[in-house]
Amino acid sequence: MTLAAPVAAPVVLAVLFGALLHASWNALIKSATDKELDTALIHSLGFFIAAPLLLAAGLPAAAAWPYLAASSVIHIGYYLALAGAYRHGDLGLTYPVMRGCAPLLVALGSHQLLGESLSLLAWAGVAAICAGVLLLGLSRASASPPEQRSRALRFALVNALIIAAYTVIDGLGVRAAGDAGAYVAALFLFDGIPYLLVVLYQRGPQGRRAALAYMAGRWRIASLGTVASLGSYAIALWAMTRAPVAVVAALRETSVLFAALLGTLWLREPFGAGKAMGVCTIVAGVMALRFG
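Overview of the structure.

About the cut-offs
Residues numbered from 1 in each chain as written. Predicted model: local features only at pLDDT ≥ 70, side-chain atom pairs only at ≥ 80, totals over all residues. Heavy atoms only, no water. Helix = DSSP H or I, 4+ residues; strand = E, 2+ residues; numbered from the N terminus. Rg over C-alpha atoms; globule rule 2.2 N^0.38 Å. Buried < 20%, exposed > 50% of the residue type's maximum accessible area, 1.4 Å probe, protein only. Contact = heavy atoms within 4.5 Å. Areas by Shrake-Rupley, 256 points an atom, 1.4 Å probe, with all protein chains shown as cover. Lys, Arg positive; Asp, Glu negative; His and termini not counted. Charge placed at Lys NZ, Arg CZ, Asp CG, Glu CD. Salt bridge = Lys/Arg side-chain N within 4 Å of Asp/Glu carboxyl O. Core = buried A, V, L, I, M, F, W, Y, C linked by side-chain atoms within 4.5 Å. Axes fitted to C-alpha atoms, helices over the stretch in contact; angles between N-to-C directions. Parallel < 35°, antiparallel > 145°, perpendicular 65-115°, else oblique. Nonpolar A, V, L, I, M, F, W, Y, C, P; charged D, E, K, R; others polar. Expected span 1.5 Å × (residues − 1). Polar contact = N/O pair within 3.5 Å; in protein donor to acceptor, adjacent residues only side chain to side chain. Patch = residues over 30% accessible without salt bridge, like charges linked within 9 Å, V, L, I, M, F, W, Y side chains within 5 Å.

## Some points on the overall build of the chain
Looking only at helices and strands, the chain features 12 helices and 0 strands. The C-alpha radius of gyration of the chain comes to 18 Å, within 12% of the 19 Å expected for a compact globule of 292 residues. The burial tally for the chain puts 52% of its 292 residues in the buried class. Residue pairs at least 24 apart in sequence account for 87% of intrachain contacts in the chain once pairs closer than 6 positions are excluded. Carbon and sulfur atoms form 72% of the exposed surface of the chain, whose accessible area is close to 12,300 Å². Looking at the chain, you have 19 positive and 11 negative side-chain charges, and the mean spots of the two groups are 5 Å apart.

## Points about the pattern of salt bridges
On inspection of all chains with the given rule, the structure shows 3 salt bridges. Between Glu36 and Arg203 there is a salt bridge, and its shortest N-O distance comes to 3.2 Å. Highlighted residues: Glu36 in helix H2 (residues 35–44) and Arg203 in helix H9 (residues 193–240), separated in sequence by 167 residues. When its relative accessible area of 19% is taken as the criterion, Glu36 is described as buried. A cluster of three or more residues bridged by salt bridges with shared partners is formed by Asp34, Glu36 and Arg203.

## What to know about the nonpolar core
Counting 88 residues, the largest nonpolar core has Tyr78, Tyr183, Leu251 and Leu289 as the members making the most contacts within it. With 16 residues, H9 is the largest single contributor of residues to this core. Beyond its immediate chain neighbours, meaning those up to four positions away, Leu251 contacts Val12, Val15, Leu16, Ala19, Ile129, Val286 and Leu289.

## Topic: the packing of helix H8 (residues 180–191) against H9
Any two packed helices are characterised by the angle at which their axes cross and by the distance between the axes. One can describe the packing of H8 onto H9 by two numbers: an axis separation of 11 Å at closest approach and a directional angle of 170°. Classified by the angle their axes make, H8 and H9 are roughly antiparallel. Between H8 and H9, the contacting residues are Ala180, Tyr183, Val184, Leu187, Phe188, Leu189, Phe190 and Asp191 on the first element and Ile193, Pro194, Ser229, Leu230, Tyr233, Ala234, Leu237 and Trp238 on the second. Tallied by class, residues from the contact of H8 with H9 come to 14 nonpolar, 1 polar and 1 charged.

## Things to note about H8
Between its terminal C-alpha atoms H8 stretches 16 Å, which fits the 16 Å expected from 12 residues at 1.5 Å a residue. With 10 of 12 residues buried, H8 is to be regarded as a mostly interior element. Taken residue by residue, H8 has Ala180, Ala182, Tyr183, Val184, Ala185, Ala186, Leu187, Phe188, Leu189 and Asp191 as its buried positions. For H8, the side-chain oxygen to backbone nitrogen distance between the N-cap and Gly181 is 2.9 Å, and the N-cap itself is Asp179.

## A closer look at a nonpolar patch on the surface
On the surface, Phe47, Phe48, Ile193 and Leu197 cluster together into a nonpolar patch covering about 380 Å² of accessible area. The set of elements that each furnish at least two residues to the nonpolar patch consists of helix H3 (46–57) and H9.

Put into structure tokens, the structure is as follows:
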């Protein structure tokens, strides 16, 4: 399948809105006192939204179920690596590294695995967005000691590979399903609960009681993160049926740009030359993808 024509403006705008949603639920995790448990809670609550959606949309085609199974397993690895990165390093460092490297890996693999071809301008756009995302991350000083920072970066790079893997798998799966709504509903039905069970098991009996009490007081605000997470990925999967997966993956990582802008405008975080360069590079990349 070759999708080399310029990406339609509505698709670009939809994916950018999805990126804003993605930045929002990550900001919610950043504000949490227990980031690991909030990650588990946000995604496990997806079951209660996905179940009625699946009843309304119907089951995806049988050809999509192997991709759903593979993606659900890979997502457990994603959450474990995500928690490891956040345990050892700052969110402002690890998140851009994870999200910035993944689209380039998707672009490198999509030609062989998906039969997609990108124009030279689209390749430049993917590379520019990846570079801009990394610039935004590296422009922020890390408070972690060098050894912890090194561990965090290892987790982040492993997670970039995992993100690239599930992006390609879900790109194939949503096309096999024939219905993005049915596919994302089925994915979120099973996606978060296994990781929640892993987190609760690791806490031990006393830790589980504390975790349940934490979730009881946190589920209302976490449900907003669930809606944002599901909406963001639903938009991305829908876009993958109308544009190359590599292009959608790169556009989606503009979530880091939105996170940086939100941090500057509402959290009073500094906006230096490094951030300015990152923002300009990402905007140039988006324009290249739009017309590439």
